[in-house]
Amino acid sequence: MSRFDTYFLMKEDDVVSYVMEKSDFFPADAVLECKEIGDGNLNYVFRVEDKSTGRSLIVKQAGETLRISKDMTLSTDRNKKEAEAMQLHHAVAPGLVPEVYAYDEIMCASLMEDIRDCQLMRHALIEHKTFPRFADQITTFMVNTLLSTSDLVMDHQAKKALVVEYMNPELCEITEDLVLTEPVNDVKGRNKVFPPILEFVEKELYSDKPLQLEVAKLKFTFLQKAEALIHGDLHTGSIFVNQEKTLVFDPEFAFYGPIGYDTGNVIANLFFAWGNGNTYGAETFCTWIEQTVVEVIDMFVEKFKTRFVATATDVMAKTDGFLDWYIAEILSDTAGYTGTELLRRTVGMAQNIDITSIEDEAARARIDKINILAGKAFIMNRDKIRSGIDFLNTFLAVVKRQDGRQ
Ligand code: SR1
Ligand code: MG
């Protein structure tokens, strides 16, 4: 009989006993120290370190209520699918995903590799650090995980089995509400609008009927387009980086959805970092962000084409013109979900510290307005945005217009 035979939410001391009992990662004489280091909205993340050797691992446990709001509950076994998705990603994108050592169905906890030599990308970007290998590595991650789980490559029956296996209704509903409804229609009254821009949000989001129609279409694309096993929450808080490496983790929102949801999240979160850098006059950093936006889109397209030629199996997908049509659809979705992410992190309940850490009221309001207008431009013009430079120019044109008005 062990006290870990029944689920409970662990504290730091519990986690020390837990790893000693449940894993052989540490020797019996290890001097273990545990610290809760999670800063996400959902789960508890513990680093356990052997002080005598410096070896460490991560324990991630799901709580019954969410960290962001005790009123929101989710089933605790949600982390099982996340662990499986990480293992799948680790297999198709080696070197770009931390290793999962084990998943415990009772404690709803996974034990995984601790990436000590990297920094959470959002924190690094707030320090205005640049990462020359990021565009190359994140596009390899996305192309490998997305293309290889799609109907372009997989046997269609095997792919359908994965669609069933990765049904993720609870987590998808969070996205359907928080990202694809509430930014333009605050039905649940949960939005957190920065007070100085309340009137602006009323006019630009809550009263804009054509925008609401386009967001409705993007919501139904998200609900219905089972294109690939997407990460589902690919923002800079789900990525570790250093000068050599990029590692993607936290795929708890993974399900079969539109490829452009992942690519769009990456692009929007680069723009949040730009907003912080621009506010504080970090010019070299902003130039790097701008180049990275262009490179992420263009490298994604190039690698997608190359890997398609090497691995596509569907005979009709090899029809002349099909690949170009398919990529244009992905880019349209990418632009649309870049837009919804820009909107939801600005007015929704789950915001980004890149922006919320801006203390000067006028500076914060300026960036919020830019992100709202850019979000709208990406959504409304998504069928015309077809290259990396189109993504960058869409954003910079809004910055120029908005700054000209002030
Ligand atoms: C209620 S969860 C809020 C947000 O945190 C996660 O990281 C997802 O982005 C989700 O939308
Ligand atoms: Mg997360």
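To keep things clear, this report deals only with the structure shown in the data block. Just so you know, the residues in each chain are numbered from 1, in the order the chain's sequence is written. The naming scheme follows written order: chains are lettered A onward, ligands numbered 1 onward. Local features in this predicted model are restricted to residues whose pLDDT is 70 or higher, and side-chain atom pairs enter the listing and the counts only when it is 80 or higher, whereas totals over whole chains, interfaces and linings include all residues. Derived side-chain values reflect all non-hydrogen atoms in the structure, with water molecules and hydrogen atoms excluded from consideration.

1. A look at the overall build of the protein
Here's step 1: If you tally the helices and strands in the protein, you get 14 helices and 10 strands.
Here's step 2: Principal-axis analysis of the C-alpha atoms places the extent of the protein at approximately 65 × 55 × 40 Å.
Here's step 3: For this analysis, residues touch if any pair of their heavy atoms sits within 4.5 Å. In the protein, 72% of the contacts between residues at least 6 apart in sequence involve partners at least 24 apart.
Here's step 4: Residue burial considers only the protein chains on display, and all accessible areas are found by Shrake-Rupley using a 1.4 Å probe. Only carbon and sulfur atoms are counted for the fraction: they give 53% of the accessible area of the protein, which is about 16900 Å². Think of it this way: any DSSP run of H or I at least four residues long counts as a helix, any run of E at least two long counts as a strand, and we number them from the N terminus.

2. A closer look at the sheet that holds strand S5 (residues 109–113)
Here's step 1: With antiparallel pairing, 5 strands are arranged side by side in an open sheet as S1-S2-S3-S5-S4. Only two strands of the sheet have a single partner each, and these edge strands are strand S1 (32–36) and strand S4 (100–104). For this sheet the average axis-to-axis angle between neighbouring strands, irrespective of direction, equals 20°.
Here's step 2: Two strands qualify as a pair provided DSSP detects at least 2 bridges between them. As defined by bridge partners, S4 adjoins S5 across 4 bridges and the pair is classed as antiparallel. Of the residues in S5, the one forming a bridge with Tyr103 is Ser110.
Here's step 3: Along the sheet face, helix H1 (residues 12–22) touches S1, strand S2 (44–50), strand S3 (56–61), S4 and S5 and points at about 125° away from the line of S1. Geometry is summarised by axes, namely lines fitted to C-alpha atoms with helices restricted to the contacting stretch, and by angles between N-to-C directions that run from 0 to 180 degrees.

3. Examining the sheet that holds strand S6 (residues 119–120)
Here's step 1: Strands sit in the order S6-S8-S9 across an open sheet of 3 strands; the sheet is antiparallel. Edge positions in the open sheet fall to S6 and strand S9 (246–248), since each of these has one partner strand only.
Here's step 2: The pairing of strand S8 (residues 239–241) with S9 spans 3 bridges and is antiparallel. Following the sheet pairing, Phe240 is matched in S9 by Leu247.
Here's step 3: Across the sheet, helix H4 (residues 134–147) is in contact with S8 and S9; its angle to S9 comes to roughly 30°.

4. What to know about the layout of surface pockets
Here's step 1: Its boundaries defined by the atoms lining it, the largest pocket holds a volume of some 1000 Å³.
Here's step 2: Lining the largest pocket we find 48 residues, and of these Asp39, Gly40, Asn41, Gly237 and Asp250 sit closest to its centre.
Here's step 3: Secondary-structure elements contributing two or more residues to the lining of the largest pocket are S2, S3, S5, S6, helix H3 (121–126), helix H6 (169–178), helix H11 (322–347) and helix H12 (353–356).
Here's step 4: The biggest single contributor to the lining of the largest pocket is H6, with 3 residues.
Here's step 5: A 1.4 Å probe that fits but cannot get out identifies a cavity on a 1 Å grid over protein atoms alone, an open set with protein on both sides within 12 Å along at least five of seven lines counts as a pocket, and a residue lines either if it has an atom within 4 Å of a point. Grid points are joined across faces, edges and corners, and a volume is the space filled by probe spheres set on the points. Space inside the second largest pocket adds up to approximately 190 Å³.
Here's step 6: In terms of lining residues, the second largest pocket is bounded by 13 residues, among which Met167, Cys172, Leu223, Phe255 and Tyr256 are the most central.
Here's step 7: Among the elements of the structure, H6, helix H8 (209–224) and strand S10 (255–257) are those that each provide at least two residues to the lining of the second largest pocket.
Here's step 8: As a working rule, the residues Ala, Val, Leu, Ile, Met, Phe, Trp, Tyr, Cys and Pro are called nonpolar, Asp, Glu, Lys and Arg charged, and the rest polar, with Gly in that last group. Grouping the constituent residues of the lining of the second largest pocket by class yields 9 nonpolar, 2 polar and 2 charged.

5. Remarks on the nonpolar core
As a rule of thumb, soluble globular proteins bury nonpolar side chains together.
Here's step 1: To form a nonpolar core, buried Ala, Val, Leu, Ile, Met, Phe, Trp, Tyr and Cys residues must be joined to one another through side-chain atoms within 4.5 Å. Partly exposed residues are those whose accessible area sits between 20% and 50% of the maximum for their type, while under 20% is buried and over 50% is exposed, using a 1.4 Å probe and protein chains only. Judged by nonpolar contacts, the single largest core of 113 residues is most densely connected at Phe134, Met142, Val296, Phe300, Phe304, Phe378 and Phe391.
Here's step 2: When residues of this core are assigned to their parent elements, the largest contribution, 12 residues, is made by helix H10 (residues 283–311).
Here's step 3: Those residues within four positions of Phe304 in sequence are excluded, and the remaining contacts are Val143, Leu147, Leu152, Ile259, Leu323, Tyr326, Ile327 and Ile330.
Here's step 4: Membership of the second largest hydrophobic core comes to 18 residues, among which are Met10, Val19, Phe26 and Leu111.

6. Comments concerning the site of ligand 1
Here's step 1: Lining the immediate environment of ligand 1, one finds 13 residues, of which Asn41, Leu42, Asp233, Arg344 and Arg345 sit closest.
Here's step 2: Two N or O atoms count as a polar contact when they lie within 3.5 Å, although within protein this holds only if one can serve as hydrogen donor and the other as acceptor, and sequence-adjacent residues are included solely when both atoms are side-chain atoms. In the environment of ligand 1, an oxygen atom lies 2.8 Å from a nitrogen or oxygen atom belonging to the side chain of Arg344.
Here's step 3: Across the complex, the protein chains shield 96% of the 320 Å² of accessible surface that ligand 1 would expose by itself.
Here's step 4: Broken down by secondary-structure element, the contributors of at least two residues to the shell around ligand 1 are H6 and H11.
Here's step 5: Residue composition of the shell around ligand 1, by class: 8 nonpolar, 2 polar and 3 charged. To be near a molecule or strand, a residue needs just one of its heavy atoms within 4 Å of it.

7. A look at H8
Here's step 1: If you check H8, its first and last C-alpha atoms are 23 Å apart, about what 16 residues at 1.5 Å a residue would give, namely 22 Å.
Here's step 2: Listed in full, the buried residues belonging to H8 are Leu211, Gln212, Glu214, Val215, Leu218, Lys219 and Phe222. Looking straight down H8, one finds that the buried residues subtend no more than 165° of arc, so they occupy a single side. Opposite its buried face, H8 presents the exposed residues Lys209 and Gln224, each directed more than 90 degrees away.
Here's step 3: Packing partners of the buried residues in H8 comprise H6, helix H7 (198–206), S10, helix H9 (259–279), H11 and helix H13 (361–380).
Here's step 4: By the N-cap criterion, in which a side-chain oxygen at the helix start approaches the backbone nitrogen of a residue two or three places on, H8 is capped by Asp208, the distance to Leu211 being 3.0 Å. Expected helix span is taken as 1.5 Å per residue step, with the number of steps being one fewer than the number of residues. As used here, the arc is the angular range of directions from the helix axis to the C-beta atoms.

8. Quick look at the packing of aromatic side chains
Here's step 1: For Phe, Tyr and Trp, where Trp contributes only its six-membered ring, two rings pair if their centres lie within 6.5 Å, and the inter-plane angle classes them as stacked under 30 degrees, edge-to-face over 60, or tilted in between. For the structure on display, the rule yields 19 aromatic pairs.
Here's step 2: Here the aromatic rings of Phe222 and Phe255 are separated by 4.9 Å at their centres, their planes lie at 50°, and the arrangement is tilted. With Phe222 in helix H8 and Phe255 in strand S10, the pair connects residues that are 33 residues apart, well separated along the chain.
Here's step 3: Residue Phe255 is classed as buried on the basis of its relative accessible area, which comes to 8%.

9. Considerations on the pattern of salt bridges
Here's step 1: Salt bridges are defined by distance alone: a side-chain nitrogen of Lys or Arg within 4 Å of a carboxyl oxygen of Asp or Glu. Under the counting rule described, the total for this entry stands at 33 salt bridges.
Here's step 2: When the shortest N-O distance is used, the salt bridge between Glu182 and Arg190 registers 2.7 Å.
Here's step 3: Notably, a salt bridge pairs Arg364 with Asp368, separated by 3.2 Å at the nearest N-O pair. Highlighted residues: Arg364 and Asp368, both in helix H13, separated by 4 residues, approximately one helical turn.
Here's step 4: Because the salt bridges share partners, they merge into one network encompassing Glu33, Arg47, Glu49, Lys51, Asp114 and Arg116.

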